[in-house]
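Tertiary structure, described
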Amino acid sequence: MAQHGPDEDGLSSVAVRRGLLCGTALCTSDLSLQPLHHAILQDCNLVTAEYEMKWDAIQSRPHIPDYSAADKLVAFATDNALAFHGHTLWWHEAIPEVYREGSDADFAEAALQHLDMTVTRYTGRLTSWDVINEALEPAHGREDGLRRSRFLDALGPDYIATAFSRAAVLDPTAVLVLNEMGLEYDLPEAETKRRMMLSLLERELARGTPIACLGIQSHLTALEQPREHPRLRAFLREIGRMGLNVMITEMDVSDHLCPRDQRRRDAIVADTYRAYLDLVLDESSILAVSTWGFTDGSTWLNSFRPRADGAPQRPLLLDRALRRKPAWHAVRKALLRVNHAAGPAQPDPGAEPSH
Ligand code: 9MR
């Protein structure tokens, strides 16, 4: 098993010195693996749940909520003094089977009950919550960019304000995050989404919706993600002007377009991490950088985006034997460049929106 250096070398202590949170998504099955456990503590001062805190996981049996897996993950964080990022209260893809059909009124009641019960259960123990995940889908054709979903149908476009306001009352210390995918790409649809996100945030902040932070998932693809990305820079500046913090919530780098050769692949993936983090850390008031899985052995990408040549993906910071990869060193270097402790972003009242 790989031997790591002293603790000061780990990403966690670098992040702590920079006033940042740095971590990974986990599953309860990860917790029983002792060497993994040790490596997590070296590299993470934040953890999140990859799926066991989602509504459909908690209610896999109709009407019988089961928080045992989510509780275990939160207890792991508490026992080891790690921050915990809750993922996620309302997501259109995590609706329990029993609520996929049925009346809007029943759905609305169940969704509100789930939110209230879940936030209350962990009040004061979570650092932050992804209150809503993936609210936007410009391809659905609505002027406001909102995704057509059961939440929208049952609760109307106010569902975002409703969710954030309830969560803020029930857990006043958690940082409330609107988490989104695809904001980071260099594609026309991503630019549309960025524009719609700015409008959505402006609207919601103007009416007092307590959104504190934008979560940028950051599932990148090596050889597709550009080194320079002025549009993303401009977007992040606008987010800062609104007084919002940013979290990188689900970072990984798919290598499905890269050559098979492992050294070349690892170098391209590392360079993608480096360029992306340098840009985002430059332009935003960042609270956290979290990867979506800790080792290449536990990535969702082998099933969702397999390589054509059948070789396993290498999208994360450690390999299956817990050896630090070039991507790990790239992330460390990027974190070391941050020379300010993250604090709440300050809105710039004089700034004119540039979109
Ligand atoms: O990686 C997660 C996978 O294990 C789950 O089966 C799936 C459905 O719950 O969700 C995956 O995580 C997603 C995250 O919750 C939201 N952004 C996209 C992630 C990858 O699909």
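This text gives an overview of the structure that appears in the document. Note that the structure is predicted; figures quoted are calculated from it, not measured. (Residues numbered from 1 in each chain as written. Predicted model: local features only at pLDDT ≥ 70, side-chain atom pairs only at ≥ 80, totals over all residues. Heavy atoms only, no water.)

Things to note about the overall build of the protein
Looking only at helices and strands, the protein has 13 helices and nine strands in total. Counting the 355 residues in the protein, one finds 55% classified as buried. A sequence separation of at least 24 residues applies to 79% of the contacts in the protein between residues at least 6 apart. In the structure as shown, the protein presents an accessible area of about 14,800 Å², 52% of it carried by carbon and sulfur atoms. Within the protein, one finds 38 positive and 50 negative side-chain charges whose respective centroids are separated by 5 Å. (Helix = DSSP H or I, 4+ residues; strand = E, 2+ residues; numbered from the N terminus. Buried < 20%, exposed > 50% of the residue type's maximum accessible area, 1.4 Å probe, protein only. Contact = heavy atoms within 4.5 Å. Areas by Shrake-Rupley, 256 points an atom, 1.4 Å probe, with all protein chains shown as cover. Lys, Arg positive; Asp, Glu negative; His and termini not counted. Charge placed at Lys NZ, Arg CZ, Asp CG, Glu CD.)

A closer look at the pairing of strand β9 (residues 286–291)
Two faces make up the sheet, and in a regular strand the side chains alternate between them. Across the six residues of β9, six count as buried, placing the element largely inside the fold. Note that strand β1 (residues 21–26) and β9 share four bridges and pair parallel. Opposite G23, over in β9, you have S290 as the bridge partner. Once you follow strand β8 (residues 245–254) into helix α11 (residues 262–283) and on to β9, the crossover reads as right-handed. (Pairing = 2+ DSSP bridges. Right-handed = clockwise from strand over helix to strand, strands pointing away.)

Some remarks on the pattern of salt bridges
For the coordinates displayed, the defined rule picks out 26 salt bridges. Residue R194 is joined to E191 by a salt bridge in which the shortest nitrogen-to-oxygen separation is 2.8 Å. Taken together, the residues R194 and E191, both in helix α9 (residues 188–206) and three residues apart, mark about one turn of the helix. Looking at R194, the relative accessible area reads 2%, which means it is buried. Here R323 makes a salt bridge to D319, at a shortest N to O gap of 2.8 Å. According to the relative accessible area criterion, R323 is partly exposed, its value standing at 48%. Linked through salt bridges whose partners overlap, the residues forming this network are R227, R233, R237, D271, R274, D278, D282, E283 and R337. (Salt bridge = Lys/Arg side-chain N within 4 Å of Asp/Glu carboxyl O.)

Considerations on the site of the ligand
In the vicinity of the ligand, the contacting residues are E50, Y51, K54, H87, W91, N133, E134, Q217, H219, E250, W292 and W300. At 2.7 Å, a side-chain N or O of H87 approaches an oxygen atom of the ligand. A distance of 3.1 Å separates a nitrogen atom of the ligand from a polar side-chain atom of Q217. In the complex, 78% of the free accessible area of the ligand, which totals 460 Å², lies under the protein chains. (Near = heavy atom within 4 Å. Polar contact = N/O pair within 3.5 Å; in protein donor to acceptor, adjacent residues only side chain to side chain.)

With respect to the packing of aromatic side chains
Within the structure shown, the criterion is met by nine aromatic pairs. When the centroid spacing of 6.1 Å and the interplanar angle of 20° are considered together, the rings of F151 and Y159 count as stacked. Here the two residues F151 and Y159 agree in accessibility, since each one is buried. Here the aromatic residues W55, W90, Y99, F107, F151 and Y159 are joined through ring pairs into a cluster of three or more. (Phe/Tyr/Trp six-rings, centres within 6.5 Å; stacked < 30°, edge-to-face > 60°.)

Some thoughts on the packing of α11 against helix α13 (residues 326–337)
Between α11 and α13, the least distance of the axes is 8 Å, while the angle of their chain directions is 15°. By the angle between their axes, α11 is roughly parallel relative to α13. The two elements α11 and α13 meet at a crossing, and its hand is right-handed. Where α11 approaches α13, its residues D266, V269, A270, Y273, R274, L277, D278, L281 and D282 are matched on the opposing element by P326, A327, A330, V331, A334, L335 and R337. Taken together, the residues that form the contact of α11 with α13 break down as eleven nonpolar, no polar and five charged. (Axes fitted to C-alpha atoms, helices over the stretch in contact; angles between N-to-C directions. Parallel < 35°, antiparallel > 145°, perpendicular 65-115°, else oblique. Left-handed = near helix turned anticlockwise from the far one by under 90°. Nonpolar A, V, L, I, M, F, W, Y, C, P; charged D, E, K, R; others polar.)

Digging into the side chain of T24
Tracing the backbone through its elements, the reader meets T24 in strand β1. What T24 contacts, discounting residues up to four positions off in sequence, is C44, L46, V47, T48, S290, T291, G293 and F294.

A word on the environment of A190
Within the secondary structure layout, A190 lies in helix α9. By relative accessible area, which is 3% here, A190 ends up buried. On a C-alpha basis, the gap between A190 and A105 in space is 33 Å, while along the polypeptide they are 85 residues apart. Discounting residues that sit within four places of it in the chain, A190 has contacts with G182 and Y185.

Some words on helix α3 (residues 34–43)
L36, H37, A39, I40, Q42 and D43 are the residues of α3 that are buried. Buried-residue contacts for α3 involve α1 (11–17), β1, α2 (28–31), β2 (46–49), α5 (68–79) and α13.

A word on unusual backbone geometry
Looking along the chain, the bond that leaves H87 and enters T88 is cis, with omega of -5°. Take T88: it is sitting in strand β3 (residues 83–91). Positive phi is not limited to glycine here, since A81 has a value of about 55°. With respect to the helices and strands, A81 occurs in the loop between α5 and β3. Even without glycine at this site, L322 takes up a positive phi of about 65°. Structurally, the position occupied by L322 is in the loop between α12 (301–304) and α13.

These figures capture arrangement, not role.
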